[in-house]
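# Observations on the three-dimensional arrangement
The lines below spell out each chain.
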Amino acid sequence: MTDLHDAAALLGADGPFAREVPGFAPRATQQQMAAAVADAIDHRAALVVEAGTGTGKTFAYLVPALLSGKRVIVSTGTRNLQDQLFHRDLPRVLSILGVQANVALLKGRANYLCKYRLRQTVESGQFKSRAQAEDLQRIREWAERTRTGDRAELAEVPEGSPLWPRVTSTAENCLGVECPFYDECFVFQARRRAQEADLIVVNHHLLLSDLALKRDGYGAILPEADAYILDEAHQLPELAGQYFSVGISSRQLKELAADTLAECAGQPGALALLQPALEGVNDAVRKTRLAFDALPRRGAFAQLEADAGAADALEGLGNTLADLAAVLAGQAERSKGLASVHARTVVLDQRLQRVTGSADEEEVRWYEISDRGFELSATPLDLAPQLQKLRDATDAAWIHASATLSVAGRFDHFTRPMGLVDPVTLDLGSPFDYAHQALCYLPQGLPDPNAADYTVRVIDAVRPVLEASKGRAFLLFTSHRALKLAAELLADAPWPLFVQGTAPRHQLLSDFRDSGNGVLLGAASFWEGVDVAGDALSCVVIDKLPFASPDDPVLQARLDAVRRAGGNPFRDWQIPAAAIALKQGAGRLIRDVRDRGVLVLCDPRLTTRGYGKMFLASLPPMRRTRELAEARRFFARSSETMAP
Ligand code: SF4
């Protein structure tokens, strides 16, 4: 059995981390978290930990996980974090602990080169541009030398290249054991390595795909484990909704038609038989997309059903899919590839029938249209029972960690949708000295956020703060419209502006850091996962409380469900969700013990509405002011401190 104090002691002042990691500061909260994680692993318990920025939570879970001698799966929020954990943090912890452990990195199959599809793509010889042909050449050369097939190794071919979907696989188009490349397949090699590993690093998307497969009884991707550690766990309730949905998209249908066509090669007569049915599917996809033109971009299924043109188009689509399935049934025995596309057609036909079929009280059916396609989904409203059942079946420890899980000291907004009943909860706060390092400024005199001139007034209120901070600020917006207007209003500002959408995110961030006095304007994706420590960022401005859009059909259905169950949707769902999002945004400000900065919260509802208190109580304990002069003094003192 693990000595529970070991992990904490190793991270203490006399431990090897303090000796070997340059700049390592022993933190009581990190040791406390390590002890709690060790305890949860030992007792196969559920643990929910909020560990503020600066706690060092990665070491706090890796150390007890590696000391436990048990099989542990660690899941991160994104592939970048996954790579960072596996290639940077894990080797470091292993070496400091002197532990020999078999560790593996496993991503979703779309991240690995598929040799079968690469061969098909090369043989097809069809490319839309010269750039694509060049990208394919790069992929072919890399395919000869790579040992993992992980496309992260080949940065030269952009992530968004249309070639990647043609040379990687999906669960639907993979031939599995029937594939001529099965023994040397990168996907299955990575999975085999994971089967043998003591510690496996995955991401939430893969973990949830695995859970969804297990729920449906279709097998598993991941091996069984004694403990699951979920970092950035606040993302899980929303993501789980996506993975536990049933859906069908125009992209899947077009890929099915293209793959079926490719499988006709070398099968005499197949093309002549299948071509009319394939054209029927492609034509029906086009007509369906056109018929959706009159509808809002995203909405509840009822809107779609009320539109006669859209409903007819969907019926036509169902008929063509059934026709294709019937023709393919007669060809399936001719090759493994044709058998596979037949099986896919049947599954897609079933999904279409399921989504367009009768409504279920427990789920919300919705559609989304993009410029080129559409997606139809049925999303369960309450995932708690399913998640609880899946966790119970593992008989493992489930550890959930994030900097933002609680709202005003309570965890139920997270634990309820996750189906966690009475887990151990731990609110560690942050080791930063917020009272001295930060100031929260709530400008006076701003109008209601719905006022037509709201953004203009926000920028007027923020300008003097930016003058005092000498730029070095993030301006975070809740809508792209406000972001665009703010960028126009600040076009004559004396600081370099970095506006979301004008360059790739990593480029904007690196230019912002280098500028030293930049102002970055961002919406959605800049509210979390952005880390700018040091003087380049000394001010974070938030225009409005980040309430989710009430137009979202899934949110609407969830709120209705809360109402039906006798709850108050605003109090029980919208406020906690917005408070978590606000915490994420505000969390960009202080990233290091030496950082100092001002958080500017413009939304007047924080002081005029009763619920404002709950938002403020969810933020780190920083001093608050309504006086601009106080914010100016804070910056003046900061520059004195910074002066050599
Ligand atoms: S087994 Fe599947 S993923 Fe692997 S090479 Fe074959 S088709 Fe591609």
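Each value, and the rule that gives it
Residues numbered from 1 in each chain as written. Predicted model: local features only at pLDDT ≥ 70, side-chain atom pairs only at ≥ 80, totals over all residues. Heavy atoms only, no water. Helix = DSSP H or I, 4+ residues; strand = E, 2+ residues; numbered from the N terminus. Rg over C-alpha atoms; globule rule 2.2 N^0.38 Å. Buried < 20%, exposed > 50% of the residue type's maximum accessible area, 1.4 Å probe, protein only. Contact = heavy atoms within 4.5 Å. Areas by Shrake-Rupley, 256 points an atom, 1.4 Å probe, with all protein chains shown as cover. Lys, Arg positive; Asp, Glu negative; His and termini not counted. Charge placed at Lys NZ, Arg CZ, Asp CG, Glu CD. Domains from an automatic or database assignment. Salt bridge = Lys/Arg side-chain N within 4 Å of Asp/Glu carboxyl O. Nonpolar A, V, L, I, M, F, W, Y, C, P; charged D, E, K, R; others polar. Core = buried A, V, L, I, M, F, W, Y, C linked by side-chain atoms within 4.5 Å. Near = heavy atom within 4 Å. Pairing = 2+ DSSP bridges. Axes fitted to C-alpha atoms, helices over the stretch in contact; angles between N-to-C directions. Parallel < 35°, antiparallel > 145°, perpendicular 65-115°, else oblique. Left-handed = near helix turned anticlockwise from the far one by under 90°. Disulfide = S-S within 2.5 Å. Patch = residues over 30% accessible without salt bridge, like charges linked within 9 Å, V, L, I, M, F, W, Y side chains within 5 Å. Phe/Tyr/Trp six-rings, centres within 6.5 Å; stacked < 30°, edge-to-face > 60°. Lys NZ or Arg CZ within 6 Å of the ring centre and 35° of its normal. Expected span 1.5 Å × (residues − 1).

Let's shift gears to the overall build of the chain. The helix and strand inventory of the chain stands at 27 helices and 18 strands. The C-alpha atoms of the chain give a radius of gyration of 27 Å, which matches the 26 Å a tight globule of 644 residues would have. Here the C-alpha coordinates of the chain stretch approximately 80 × 60 × 55 Å along the principal axes. In the chain, which comprises 644 residues, the proportion classed as buried is 53%. Nonlocal contacts in the chain, meaning residues at least 24 apart in sequence, comprise 75% of its contacts between residues at least 6 apart. Total accessible area computed for the chain in this model is approximately 29,000 Å², and 51% of it derives from carbon and sulfur atoms. Taking the average location of the 72 positive side-chain charges in the chain and that of its 80 negative ones, the two points are 3 Å from each other.

Next up on the list: the domain arrangement of the chain. Per the domain assignment, the segments making up the chain are domain 1 (4–102 + 197–243 + 383–427), domain 2 (109–187), domain 3 (246–380) and domain 4 (434–642). Using only C-alpha atoms to locate each centre, domain 1 and domain 4 end up separated by 29 Å. Here domain 1 and domain 4 share one salt bridge between them. Linking Lys583 and Glu50 is a salt bridge whose minimum nitrogen-to-oxygen distance equals 3.0 Å. Its residues placed into classes, the side of domain 1 that touches domain 4 shows four nonpolar, seven polar and four charged.

Below, the discussion takes up the nonpolar core. A general trend in soluble globular proteins is that nonpolar side chains are found buried together. One finds Leu106, Leu113, Ile139, Val202, Tyr228 and Phe244 to be the most contacted residues of the largest nonpolar core, which totals 50 residues. Within the residue set of this core, elements represented by two or more residues are α7 (130–145), α8 (164–167), α9 (186–196), β4 (199–203), α10 (204–215), β5 (227–230), α11 (236–243) and α17 (384–394). Those residues within four positions of Val202 in sequence are excluded, and the remaining contacts are Ile73, Val74, Ser75, Thr76, Gln82, Leu106, Leu207 and Leu222. Counting 40 residues, the second largest nonpolar core, distinct from the first, contains Leu47, Leu90, Leu426 and Leu428.

Attention now moves to the site of the ligand. Around the ligand lies a shell formed by Arg109, Cys114, Lys115, Tyr116, Ser169, Cys174, Leu175, Gly176, Cys179, Phe181, Cys185 and Phe188. For the shell around the ligand, a count of residues per class yields eight nonpolar, two polar and two charged.

Take the sheet that holds strand β7 (residues 298–300) next. Read across the sheet, four strands follow the order β6-β9-β8-β7 without closing on themselves; strand pairing throughout is antiparallel. In the strand order of this sheet, the two ends are held by β6 (246–249) and β7, each with one partner. Adjacent strand axes in the sheet meet at a mean angle of 15 degrees, parallel and antiparallel pairs treated alike. When strand β8 (residues 363–369) meets strand β9 (residues 374–380), the two strands line up antiparallel, connected through seven bridges. By the bridge assignment for β9, Ile369 is matched with Phe374. Its contacts with the sheet put helix α23 (residues 553–564) on β7, β8 and β9, and the angle it makes with β8 is roughly 160 degrees.

The next thing to look at is the packing of helix α20 (residues 454–469) against helix α21 (residues 480–489). Direction vectors running N to C along α20 and α21 enclose 50 degrees, while the axes themselves pass 10 Å from each other. Taken as axis vectors, α20 and α21 run oblique relative to one another. The handedness of the crossing between α20 and α21 is right-handed. From α20, Thr455, Val456, Ile459 and Arg463 reach across to α21, where they touch Ala482, Leu485, Ala486 and Leu489. Class assignment for the residues of the contact of α20 with α21 results in six nonpolar, one polar and one charged.

Take the state of the cysteines next. The final tally for this structure, using the stated rule, is zero disulfides. Note on Cys440: no disulfide assigned, nearest cysteine sulfur contributed by Cys602 at a separation of 10 Å. The class for Cys440 is buried, based on a relative accessible area of 1%.

Further remarks concern the pattern of salt bridges. In the structure shown here, the tally under the stated rule is 36 salt bridges. Asp259 is the salt-bridge partner of Arg344, the closest N and O atoms lying 3.0 Å from each other. Of this pair, Arg344 sits in helix α16 (residues 336–356) while Asp259 sits in helix α12 (residues 250–264), and the two are 85 residues apart along the sequence. No difference in accessibility class separates Arg344 from Asp259, as the two residues are buried. The salt bridge involving Arg457 is made with Asp453; its shortest N-O contact spans 3.5 Å.

What follows concerns the sheet that holds strand β1 (residues 46–50). Two orientations exist for strands paired in a sheet by backbone hydrogen bonds: parallel and antiparallel. Taking strand neighbours across the sheet as the criterion, the seven strands line up as β3-β4-β2-β5-β10-β1-β11 in an open arrangement whose pairing is parallel. Of all strands in the sheet, those bounded by a partner on one side alone are β3 (103–105) and β11 (424–427). When the angles between neighbouring strand axes are averaged without regard to direction, this sheet yields 15 degrees. Here four bridges tie strand β2 (residues 72–76) to β5, and the two strands are oriented parallel to one another. Counted as the bridge partner of Val74 is Ile229 from β5. In the packing of helix α4 (residues 57–67) onto the sheet, contacts are made with β2, β4, β5 and β10 (397–402), and the angle to β4 comes to roughly 145 degrees.

We now examine the environment of Gly587. Along the chain, Gly587 turns up in the loop between α24 (569–586) and β17 (597–601). Put simply, Gly587 and Glu184 are 403 residues apart on the chain and 45 Å apart in space, counted from C-alpha to C-alpha.

A surface patch of like charges, here negative, comprises Asp360, Glu361, Glu362 and Asp382. Within the fold, Asp382 resides in the loop between β9 and α17.

All right, on to α9 then. Inspection of α9 places Phe186, Val187, Phe188, Ala190, Arg191 and Ala194 among the buried residues, and these make up the whole buried set. Those residues of α9 that are buried are in contact with β3, α6 (115–124) and β4.

Right, let's talk about the packing of aromatic side chains for a bit. All told, the structure shown has 16 aromatic pairs when counted by the stated rule. Ring geometry for Tyr182 versus Phe188: centroids 4.9 Å apart, planes at 50 degrees, classification tilted. Among the aromatic residues, ring-to-ring pairing joins Phe547, Phe570, Tyr611 and Phe615 into one connected group. For Arg191, the ring lying beneath its charged end belongs to Phe188, and the centroid distance is 5.5 Å. Stacked on the ring of Phe526, the Lys or Arg Arg505 has its end atom at 5.5 Å from the ring centre.

For α23, with twelve residues, the first-to-last C-alpha span of 16 Å sits near the 16 Å given by 1.5 Å per residue. Turning to α23, its buried residues are Pro553, Val554, Leu555, Ala557, Arg558, Leu559 and Val562. Buried-residue contacts for α23 involve α11, β7, β8, β9 and α24.

This part is about the environment of Ala384. Looking at where Ala384 falls in the secondary structure, it is placed in helix α17. Residues Ala384 and Arg416, spaced 32 residues apart in sequence, show a C-alpha to C-alpha distance of 6.8 Å. Residues contacting Ala384, with those up to four places away along its chain left out, are Arg416, Pro417, Met418 and Gly419.

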